[in-house]
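Each chain, letter by letter, is given below.
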Amino acid sequence: MGLFLRLAARGLRDLTLHPWAQAFTLIAVAMVSLLAGAFLLVLANVDRELARAGGQIQAQIYWRPGANMTQVRGQWEDIRGMEGVRGLQSFTPDQALSALSNALGEGVDFAWLRTQNPLPPTAEIQLATPPEARETDYVKAMVSRLLALPGVDKVRLNPLQTETVRTWIAVSRRVLWPAIGFLALVVGLVVGNTIKLSLLDRRDEVEILHLVGARPWYIRLPLLVGGFAQGLCGASLALVLLKMAQTGVREILNFPPLFIQIGFLPLAQALGLILAVGLVGAVGSYVAVRD
Amino acid sequence: MVHVERLSHSFGQHFALRDVSFSLEKGGFLFLNGPSGAGKTTLLRLLHGALPVMQGRASVAGFELSTLPRRRVPDLRREVGVVFQDFKILPERTVLQNVALTLEVRGVDPGAAERRVRALLASVGLEDKALTPCGLLSGGEQQRVAIARSMVANPKLILADEPTGNLDLDLALRLMDLFKQLHTYGTTIIMATHNREVMAQVPEAQVLALRDGRIWEGQIAGQIAGQTEGQTGTAQAETSRADGKPDDDGQAWEDGA
């Protein structure tokens, strides 16, 4: 174990042999990792939005302004009992006005509108397609049914819940692995070439180590550790840059009707990215020094 | 310890070694003698696994070199200490670090390695240079570092290629005392040298004279010590075949001895 740690420490020390080459490698690895991270970030956010909706379809139902509230309340109860409806959040015009005031922040008071409230009664419902039904057919039928209710003005589906988004996710997932594979290849080549440079610089030492009986792993281990460290550092740098970018655009989609706050990668994915790039760096080094 | 049978080696069209055969028992001392290009270094490199055995057989410390897989070469090298003609030391590292390298690759604890190296450096006269980078040493001092490195792991066999070539006679003789001491402890030594006075330090040692890659003569070092260069040449010519080739069985050494 002591020998392993000594060799690992030497691998890290050797990274200072060619500071410029190492810096360029670090930048290259960080850029490639940033691309991979950005790709993952988009997917993670779409996934998160889907999860937030509980994997269900969301729809907003708007009644005509001035609708009979007694009738509307009865309809809310009817809707709750419909097949596939998993939840319903209702808003009377007054509640909608208060919610709007709150959403717009302190200092905004719509109390003066209370007597002539222009907002209609609304309800937001979560729908889950019954197992035996096709989603499109079910949604179409449900929208028609809701629109047929007396007093209902319009029904709007949450844009994130459309099939288009689902298709996009499916295509992205299909593209994800080839893209990640390609980026991994680039990282491996970049790190491998830098390690080769380091090996060339140390060729006398390597020759002497061979001559005094060093086993191949003794010579390779510091180089593998160096490649692994380059991968880790590059990916970590990429995540720092990604976090800065994410902080900058976090609220960019946070407006009606999207209300999407762009979040950062989940911790497991972030750590996975760092580890994966580190391993690719180590593999790149291994390929570079195997002979 | 070392058994070589009809060993040949060529670099392209040029044969560096032809049909060389000899044996050396455990604890033996063998001088390889001969002019530049005689094949001494090639023979040492073959015995160390630095060159592949292409023709013939060679067995070193129980390792059959003609069939030794590449992955087992480090095992062979752990049994064999080598002093190279060009030293092969790392100039930016200190004397201590260079000598300790042999122990380091064997996983010896750094503290224990340092104690052992410092003790050895005292015996090669480098105790006050332990922390000096090797690049700042003279050729003779670098030679001693290389010798210390070959000895530090107590190998079964030491292969030394002109180990006293860069040293003045006094120092060369002092270092020969070290080799003799190791020999006394049972280490087998094969040393390539031109220096008759060095050879005279181990009169009981065997001498294998090489010329153009062939065995030219085998003698006892003590016999050569009393001869001048010309006399030796005459003696070798007299005991060799008229055509200058070794005996058919390639056992010129055994014949001469």
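Small disclaimer: the values here were computed from a predicted structure and weren't measured. (Residues numbered from 1 in each chain as written. Chains lettered and ligands numbered in written order. Predicted model: local features only at pLDDT ≥ 70, side-chain atom pairs only at ≥ 80, totals over all residues. Heavy atoms only, no water.)

*Asks:* I would appreciate a short explanation of the environment of Arg 290 of chain A in the present structure.
*Replies:* Secondary-structure assignment places Arg 290 of chain A in the segment after α9 (267-289). Distance in space between the C-alpha atoms of Arg 290 of chain A and Pro 216 of chain A is 8.6 Å, their sequence separation being 74 residues. (Helix = DSSP H or I, 4+ residues; strand = E, 2+ residues; numbered from the N terminus.)

*Asks:* Please explain the interface of chain A and chain B as it appears in this structure.
*Replies:* It is common to give the size of an interface as the accessible area lost on bringing the parts into contact. Facing 17 residues of chain A, the contacting portion of chain B comprises 20 residues. Both faces considered, chain A and chain B share a buried interface measuring about 1600 Å² in area, 58% of it formed by carbon and sulfur atoms. Contact with chain B buries surface across chain A, with Ile 208, Leu 211 and Val 212 of chain A losing the most and accounting together for 37% of the total. Put simply, chain A and chain B have three salt bridges between them. Its salt-bridge partner being Arg 93 of chain B, residue Glu 205 of chain A comes within 2.5 Å of it at the nearest N-O pair. (Contact = heavy atoms within 4.5 Å. Buried area = accessible area lost by both parts, 1.4 Å probe. Salt bridge = Lys/Arg side-chain N within 4 Å of Asp/Glu carboxyl O.)

*Asks:* Explain empty space enclosed by the protein to me, please; I cannot follow it from the model alone.
*Replies:* All names here are of chain B. Applying the stated criterion across every chain yields a total of two cavities of 30 Å³ or more. If you add up the space inside the largest cavity, you get close to 100 Å³. What lines the largest cavity is a set of 15 residues, among which Val 80, Gly 81, Val 82, Thr 102 and Arg 149 lie closest to the centre. Elements with a contribution of two residues or more to the lining of the largest cavity: α2 (73-79), β6 (80-83) and α5 (139-151). (1 Å grid on protein atoms, 1.4 Å probe; cavity = no way out; pocket = protein on both sides within 12 Å on 5 of 7 lines; lining within 4 Å. Points joined across faces, edges and corners; volume = space filled by probe spheres on them.)

*Asks:* Is there a simple way to explain the sheet that holds strand β5 (residues 63-64) of chain B in this structure?
*Replies:* Sheets are built from strands paired through backbone hydrogen bonds, the pairs being either parallel or antiparallel. Residues and elements named next belong to chain B. Read across the sheet, four strands follow the order β2-β1-β4-β5 without closing on themselves; strand pairing throughout is antiparallel. Every other strand in the sheet has two partners, leaving β2 (14-24) and β5 as the edge strands with one partner each. Two elements, strand β1 (residues 2-11) and β2, share seven bridges in a ladder whose sense is antiparallel. Of the residues in β2, the one forming a bridge with Val 4 is Phe 22. Along the sheet face, helix α1 (residues 40-47) touches β1, β2 and β4 (55-60) and points at about 115 degrees away from the line of β1. (Pairing = 2+ DSSP bridges. Axes fitted to C-alpha atoms, helices over the stretch in contact; angles between N-to-C directions.)

*Asks:* Even after reading the chapter, I still don't get the side chain of Asp 75 of chain B, so can you show me in this structure?
*Replies:* Relative to the helices and strands, Asp 75 of chain B resides in helix α2. Residues within four places of Asp 75 of chain B in sequence aside, it is in contact with Arg 215 of chain A together with Phe 63 of chain B.

*Asks:* I'm lost on the packing of helix α1 (residues 2-13) of chain A against helix α8 (residues 216-249) of chain A in this one. Help?
*Replies:* The angle between the axes and the distance between the axes are what describe a pair of packed helices. Residue and element names in this part refer to chain A. Running from N to C, α1 and α8 cross one another at 55 degrees; their axes reach a closest spacing of 7 Å. The angle between α1 and α8 falls in the class oblique. Here the hand of the crossing between α1 and α8 comes out right-handed. Residues Leu 3, Phe 4, Leu 7, Ala 8, Arg 10, Gly 11 and Leu 12 of α1 touch α8, and the partners they reach there are Trp 217, Tyr 218, Leu 221, Pro 222, Val 225, Gly 226 and Ala 229. (Parallel < 35°, antiparallel > 145°, perpendicular 65-115°, else oblique. Left-handed = near helix turned anticlockwise from the far one by under 90°.)

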